Amino acid sequence: MIDIRIIREHFEDYKKVCERRGCPVNLDTILELDKSSRQLAQEVDALRAERNRLSKECQTNPAAREQVKSLKVDLGTKENTLNELQDKLMKMLAFLPNQLADDVPNGLDDTDNVELRKVGTIPTFDFPVRDHQQLGELLDIIDTQRGAKVAQTGFYYWKGKGAQLAQALFFWTQQQLVNKGFTLFMTPCVAKERTLYGTGYLPFFADQTFNIKDTELALIGTSEQTLVGYHADDVLDGKDLPLCYTAYTPCFRTEAGSYGKASKGIFRVHQFHKVEQIIFCKPEDSVKYHDFCLENEEYLLQQLGIPYHVVNVCVGDMGAPGYKKYDIEAWFAGFGGYREVTSNTNLTSFQSRRLNIRYKDGDTRDYVHTISATAVTDRVLVAILENNQQADGTVIVPEVLRPLCGFDKIEPKKR
RNA sequence: GGAAGAGUGGUCGAGUGGUCGAAGGCGCAACAUUGGAAAUGUUGUGUGUGGGCAACUGCACCGUGGGUUCAAAUCCCACCUCUUCCGCCA
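Quick caveat: nothing in here was measured; it's all calculated off a predicted structure.

It is worth spelling out the domain arrangement of chain A at this point. As assigned here, chain A comprises domain 1 (4-93) and domain 2 (110-410). Inter-centroid distance (C-alpha atoms) of domain 1 to domain 2 is 42 Å.

The next thing to look at is the pairing of strand β15 (residues 369-377). Burial runs high along β15: nine of the nine residues are buried. In this sheet, β15 lies alongside strand β9 (residues 271-281) in antiparallel orientation, the contact comprising eight bridges. Residue pairing for β15: Ile279 is matched across the bridge by Ile371. Alignment of strand β12 (residues 337-346) against β15, held across three bridges, turns out to be antiparallel.

Moving on, we come to unusual backbone geometry. In this structure, the amide linkage connecting Leu202 to the following residue, Pro203, adopts the cis form with an omega of 0°. Relative to the assigned elements, Pro203 resides in the loop between α8 (193-198) and β6 (217-219). Along the chain, Leu241 connects to Pro242 via a cis peptide bond; the corresponding omega equals 0°. The residue Pro242 is located in the loop between β7 (235-237) and β8 (243-252) in this model.

Okay, the packing of helix α7 (residues 161-179) against helix α12 (residues 378-387) next. Helices that pack against each other are described as a pair by the angle of their axes relative to one another and the distance between those axes. Packing of α7 against α12 leaves a shortest axis separation of 10 Å and a crossing angle of 120°. Considering their axes alone, α7 and α12 lie oblique with respect to each other. As for the relative orientation of α7 and α12, their crossing is right-handed in sense. Residues Gly162, Leu165, Ala166, Leu169 and Phe170 of α7 lie in contact with α12, whose contacting residues are Asp378, Val380 and Leu381. Considered class by class, the residues forming the contact of α7 with α12 number six nonpolar, one polar and one charged.

The residue Asn312 is located in strand β10 (residues 308-312) in this model. Look at Asn312 and you get buried, because its relative accessible area is 7%. Among the polar contacts listed, one links the side chain of Asn312 to the backbone oxygen of Asp103, at a separation of 2.9 Å. If near-sequence neighbours (up to four positions away) are discounted, Asn312 is found in contact with Asp103, Pro105, Asn113, Val114, Leu116, Lys324, Lys325 and Tyr326.

As a further point, take the sheet that holds β10. Note: strands within a sheet are paired through backbone hydrogen bonds, in either parallel or antiparallel orientation. Spatial ordering of the open sheet is given by β1-β10-β11-β12-β15-β9-β8-β4, a layout of eight strands whose pairing is mixed. Bordering the open sheet on either side are β1 (114-119) and β4 (183-185), each of which pairs with just one other strand. Between one strand axis and the next, the sheet turns by 25° as a mean value, whatever way the strands run. Bridge count between β8 and β9: ten bridges; the pairing is antiparallel. Paired with Ala247 across the two strands is Glu276, which belongs to β9. Set on the sheet, α12 makes contact with β9, β11 (324-332), β12 and β15; between it and β11 the angle comes to about 30°.

The immediate surroundings of RNA strand B are formed by 17 residues, with Asp45, Arg51, Ser55, Val68 and Lys72 found nearest. Taking Arg48, its side chain carries an N or O atom lying 3.1 Å from a sugar or linking oxygen of RNA strand B. Arg51 has a polar side-chain atom sitting 2.8 Å from a phosphate oxygen of RNA strand B. If you list the elements that add at least two residues to the surface near RNA strand B, you get α3 (27-57) and α4 (64-94). Ranked by residues supplied to the surface near RNA strand B, first place goes to α3 with eight residues. The residue makeup of the surface near RNA strand B, split by class, is three nonpolar, four polar and ten charged.

What follows is about the packing of aromatic side chains. Scanning the entire structure with this criterion turns up 15 aromatic pairs. Relative to Phe205, the ring of Tyr201 has its centre 5.9 Å away and its plane inclined at 50°; by these criteria the two rings are tilted. An aromatic cluster is built from Phe185, Tyr230, Tyr245 and Phe280, whose rings are joined through pairwise contacts. Above the face of the Tyr299 ring, Lys180 is positioned so that its terminal group lies 4.2 Å from the ring centre.

Here we come to the environment of Ala247. Looking at the secondary structure, you find Ala247 in strand β8. A sequence separation of 60 residues divides Ala247 from Thr187, and the C-alpha atoms of the two residues are 7.1 Å apart. Ignoring anything within four residues of it in the chain, the contact list for Ala247 reads Leu184, Phe185, Thr187, Ser223, Leu227, Lys274, Val275 and Glu276.

Attention now goes to the state of the cysteines. Across all of its chains, the model carries zero disulfides by this definition. As a non-bridged cysteine, Cys189 has Cys251 as the owner of its nearest cysteine sulfur, 8.7 Å distant. Taking the relative accessible area as the measure of exposure, Cys189 reaches 30% and is therefore partly exposed.

In the structure shown here, the tally under the stated rule is 21 salt bridges. One salt bridge in this structure joins Glu50 and Arg53, with 3.0 Å as the shortest N-O distance. Here Glu50 and its partner Arg53 are both found in helix α3, three residues apart, which amounts to about one turn of the helix. Judged by relative accessible area, which is 29%, Glu50 ranks as partly exposed. Put simply, Lys159 and Asp140 hold a salt bridge, and the shortest N to O gap is 3.1 Å. Of this pair, Lys159 sits in the loop between β3 (157-158) and α7 while Asp140 sits in the loop between α5 (132-138) and β2 (142-143), and the two are 19 residues apart along the sequence. One continuous salt-bridge network, built from bridges that share partners, spans Asp3, Arg5 and Arg353.

Reading the values: rules and limits
What you see as residue numbers is a count from 1 along each chain, following the sequence as written. By the order in which they are written, chains take letters starting at A while ligands take numbers starting at 1. Whole-chain, interface and lining totals are the exception, using all residues; otherwise, since this is a predicted model, local features are given only for residues with pLDDT of at least 70 and side-chain atom pairs are given and counted only at 80 or more. Just so you know, side-chain values use all the structure's heavy atoms and leave hydrogens and water out. For each domain, the first and last residues come from an automatic or database assignment. For each residue, the accessible area found with a 1.4 Å probe, counting protein chains only, is set against the maximum for its type, and the residue is called buried under 20%, exposed over 50%, and partly exposed in between. Strands here are runs of E lasting at least two residues and helices are runs of H or I lasting at least four, both read from the DSSP assignment and numbered beginning at the N terminus. The rule for pairing is simple: two strands pair if DSSP sees at least two bridges between them. In this description, a line fitted to the C-alpha atoms serves as the axis of each element, helices being fitted only across the stretch in contact, and the angle between N-to-C directions of two axes falls anywhere from 0 to 180 degrees. Roughly parallel refers to an angle under 35 degrees, roughly antiparallel to one over 145, roughly perpendicular to one between 65 and 115, and oblique to any angle outside these ranges. Take the far helix as the reference: if the near one is turned anticlockwise from it by less than a right angle, the crossing is left-handed, and if turned clockwise, right-handed. Contacts are assigned to residue pairs with any non-hydrogen atoms lying within 4.5 Å of each other. Ten residue types, Ala, Val, Leu, Ile, Met, Phe, Trp, Tyr, Cys and Pro, are classed as nonpolar, four, Asp, Glu, Lys and Arg, as charged, and the remainder, Gly among them, as polar. Between N or O atoms, a polar contact is any pair within 3.5 Å; within protein, one atom must be a potential hydrogen donor and the other a potential acceptor, and residues adjacent in sequence are included only when both atoms are from side chains. Any residue with a heavy atom lying within 4 Å of a molecule or strand is counted as near it. Side-chain rings of Phe, Tyr and Trp (the six-membered ring for Trp) are treated as a pair once their centres are within 6.5 Å; stacked means planes under 30 degrees apart, edge-to-face means over 60, and tilted covers the remaining angles. The rule is short: NZ of Lys or CZ of Arg within 6 Å of the ring centre and within 35 degrees of the ring normal puts a charge over the ring. When the sulfur atoms of two cysteines come within 2.5 Å, that pair is taken as a disulfide. Any Lys or Arg side-chain nitrogen located within 4 Å of an Asp or Glu carboxyl oxygen qualifies as a salt bridge.

Shown next, in the form of structure tokens:
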């Protein structure tokens, strides 16, 4: 949620932001609506003051009752109109995007993202490389067929050593983050509408949500929803900030309309698994902690030996709630290119306003800023499979995971 | 799932129709006292939103949403949450 004062006081600047984002919103209408609703609010307040005054008078002068009764008719209609105006205004505000950091690149889609740096050595092979789908079958560790049979296309199984490796990866990642000061959570895997709305997934990504029939609940698209929602309506103590939270959960997305080569295998699925980083901090610190989350992402990939590059996400590839976003794209040998494995967004006060998350520090009282960043997902495991493959299909396990999964390679299934 | 009870400010807790945005205690802050501190004393101490340079002041808020009434923390209805007891259960 954008602060209405930004539209009142920095109208032209904000209008440019909407234009850069390609957001078709009518700010003039919003400004007028704001003006008329504030004017009406004053009238309503004045009538209420009169009502309150007359009501007290009733104790000594019963005749005043009739005056209040007639006054209330006018007040009632004005109150209704006011509510309608305010509802309408809130609905329009809910669709407005966040402001933008100065250094967000222009552009339409991910091809316009700006590469900041490349890290790691891209592996070379003297044999034809397999993609993760082929490796998954060869090693008998990924089963998309049965995922589709039991659930639906877009769901899959990790199996055997694949599942063991996945658990090792997710556990290892959680431990690394705990070591860096994060508090680990296990969260609900469903959330109510307010939580999704508050985190900005509604109304912006409504078609991505799995709703649960006959309830007001939906499956979470990310633990960001439950971790940020955790502090809805809280006034945090400034001394406790930043709060660094992490959780490992499944993530459910309908992925409406995403098909094609880029979604081959298990790259784009309805259910994936993610360790998340969430930070609540003071507004003046959000740039710093946005970078902190990026450092963590890079550290994890480096420890796992995965080559990657970091991109500064352009305005067209960033969601409306984002102020600034870094993506890390890892190298996928089977795909033969870089593909997104993490995204790290500074949401400034966009979520905290919607969820009413504030902090208090001395005389300062303000909305916190939130940072939402991936730590690792299944895709990281996919990168490991594709990058660490040998000629016969054997996959070498990254050293840091070996103590946890208990093996150093996964070999093809014996026939 | 069944039964009973409860949700009031940072916290505890009083308050069953008006003088209640709300007693009192604790906590917190400032000042006094002290060499310094404790103890003590005095004063102050909710949030949001609007008006005003300001002093100040209008409105709203006692779990949430409706309703009754000239007037609701207080009465009525629904919902949510918590506690206790019973049942079931990973």
